Amino acid sequence: MTPTTSTERSIATAEAHGAHNYHPLPVVVASAEGAWMTDVEGKRYLDMLAGYSALNFGHGNRRLIDAAKAQLERVTLTSRAFHHDRFADFCARLAEFCGMEMVLPMNTGAEAVETAVKTARKWGYRIKGVPAGRAKIVVVDNNFHGRTTTIISFSTDPEARADYGPYTPGFEIVPYGDLAALEDAVDEDTVAVLLEPIQGEAGVLMPPPGYLPGVRRVTRERGVLFIADEIQSGLGRTGADFACEHEGVVPDMYVLGKALGGGIVPVSAVVSSREVLGVFRPGEHGSTFGGNPLACAVALEVLAMLRTGEYQQRARELGEHLHHELGLLTGGGAVDAVRGRGLWAGIDINPALGTGREISERLMERGVLVKDTHGSTIRLAPPLVIGKDDLDWGLDQLRAVLGG
Ligand SMILES: Cc1ncc(COP(=O)(O)O)c(C=O)c1O
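Residues numbered from 1 in each chain as written. Predicted model: local features only at pLDDT ≥ 70, side-chain atom pairs only at ≥ 80, totals over all residues. Heavy atoms only, no water.

> What am I meant to see in the site of the ligand here?
Near the ligand, the surroundings consist of Thr108, Gly109, Ala110, Phe144, His145, Gly146, Glu196, Asp229, Ile231, Gln232 and Lys258. Between glycine 109 and the ligand, the recorded distance is 2.8 Å, taken from a backbone N or O atom to an oxygen atom. Note that a nitrogen atom of the ligand is positioned 2.7 Å from one of the side-chain N or O atoms of aspartate 229. Bound to the protein, the ligand loses 81% of the 390 Å² it would expose on its own. (Near = heavy atom within 4 Å. Polar contact = N/O pair within 3.5 Å; in protein donor to acceptor, adjacent residues only side chain to side chain. Areas by Shrake-Rupley, 256 points an atom, 1.4 Å probe, with all protein chains shown as cover.)

Shown next as structure tokens:
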């Protein structure tokens, strides 16, 4: 069929020339503001995904755009061959925000996870005294930490892994939530436990009560680093700075990304103690763009905004409302289960009503953009700046799609 509308033409060209590693909803966004996006035909949609939490502060956030514009006019890239005047503040402010000492900036989330893996191994050999080549990292099943060859080597998702071998060794996978299995897997060669405190991609899976404090206890007792991948869960999404906070847990290392770049530039980082990040010597790790002036300027503004506590409070208050409303949907037959915290929810739809993809398409027709994960699960993660009326309108559309 010959494409006739702008949307159809755009999608046909994208499919002809862009690799098919995604299956986007058939909407072509042309502009966005706050929690709303507008497509090439002028139709408006409520963004209930927020770039998987990269847009916690909404589209076109004035403070962030102004900070980016001001920096664009001054200097955008130096490489780390030279110092620049935003780097020191960025590292100091981010370390302070995390209650830690040192920062190693990268760009994408996957790069930060790779950096965490390299850091833990180097710490293991240089500080813990693990024999050369034996370092082990314990991870959990259904994890999502990114797409590099090493990271997918310890994924349990066949789609993410298939046909990318040979895989990187050095990881042991235990069931998420099973503290005894994790404790058994930790041996004298283990340098770290790496996990998402709330598993986003897996469907916003919550840690069982006591699990994260248990992981903290085991890792502390056994001299192993506890690495929390808070790339999606951190920086306000759950109503706190970090998802670990809800469990009263402070890990040895945070891995951050997404919202740190304000939805403008990719900014990620590993944040930890001097003992841990102090293992690097010049030339042992790096990135041309990591910690660039534009990234630092945007991230500094993100941190200033987070320090007000306003976004965390919104996520808490609107999150309570969201989960109350979603809770009412369970028991009626349309929704099997709802999980999440703050402005973040995984909703298992009764498979009889359709796949997650089909539900997402029906919501799209009604002007709400969400993302399905596995099977009949959809995920809600609106920008933290969403208005209560808009959130309620989005929930009305969900109820309509579910026939409620
Ligand atoms: C918990 C977690 N870690 C890592 C990543 C990878 O981040 P990126 O896509 O920026 O490489 C993601 C992305 O969804 C994530 O949710």
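> How should helix α14 (residues 388–401) be read in this particular structure?
Residue pairs spaced three or four apart in an α-helix point in one direction, given the helix's 3.6 residues per turn. For α14, with 14 residues, the first-to-last C-alpha span of 20 Å sits near the 20 Å given by 1.5 Å per residue. For α14, the elements touching its buried residues are β3 (44–47), α12 (310–329), β12 (345–349), α13 (356–365), β13 (368–369) and β15 (377–380). Looking one or two residues past α14, glycine 403 carries a phi angle of roughly 80°, positive in sign. (Helix = DSSP H or I, 4+ residues; strand = E, 2+ residues; numbered from the N terminus. Expected span 1.5 Å × (residues − 1). Contact = heavy atoms within 4.5 Å.)

> Hey, could you run me through unusual backbone geometry in this one?
With the exception of glycine, the majority of residues adopt a negative phi angle, and the majority of peptide bonds are in the trans configuration. Residue proline 166 follows glycine 165 across a cis peptide bond; omega there is 0°. For proline 166, the location among the structural elements is in the loop between α7 (158–161) and β6 (171–174). Phi is positive for aspartate 163, which is not a glycine, with a value near 65°. Here aspartate 163 lies in the loop between α7 and β6. Judged by relative accessible area, aspartate 163 falls into the exposed class, the value being 77%. Positive phi, normally seen in glycine, also occurs at leucine 235, with a value near 60°. Looking at the secondary structure, you find leucine 235 in the loop between β8 (225–229) and β9 (253–256). Given a relative accessible area of 1%, leucine 235 falls into the buried group. (Buried < 20%, exposed > 50% of the residue type's maximum accessible area, 1.4 Å probe, protein only.)

> Hey, could you run me through the packing of α13 against α14 in this one?
Two packed helices can be described by the angle between their axes and the distance between those axes. One way to put it is that α13 packs onto α14 with a least axis distance of 10 Å and a crossing angle of 125°. Regarding the angle of α13 to α14, the classification is oblique. You can see that α13 and α14 cross each other, and the crossing is right-handed. Here Ile359, Arg362 and Leu363 of α13 come into contact with α14, specifically with Gln397, Leu398 and Val401. Partitioned by chemical class, the residues of the contact of α13 with α14 number four nonpolar, one polar and one charged. (Axes fitted to C-alpha atoms, helices over the stretch in contact; angles between N-to-C directions. Parallel < 35°, antiparallel > 145°, perpendicular 65-115°, else oblique. Left-handed = near helix turned anticlockwise from the far one by under 90°. Nonpolar A, V, L, I, M, F, W, Y, C, P; charged D, E, K, R; others polar.)

Taken by themselves, the reported measurements are silent on function.
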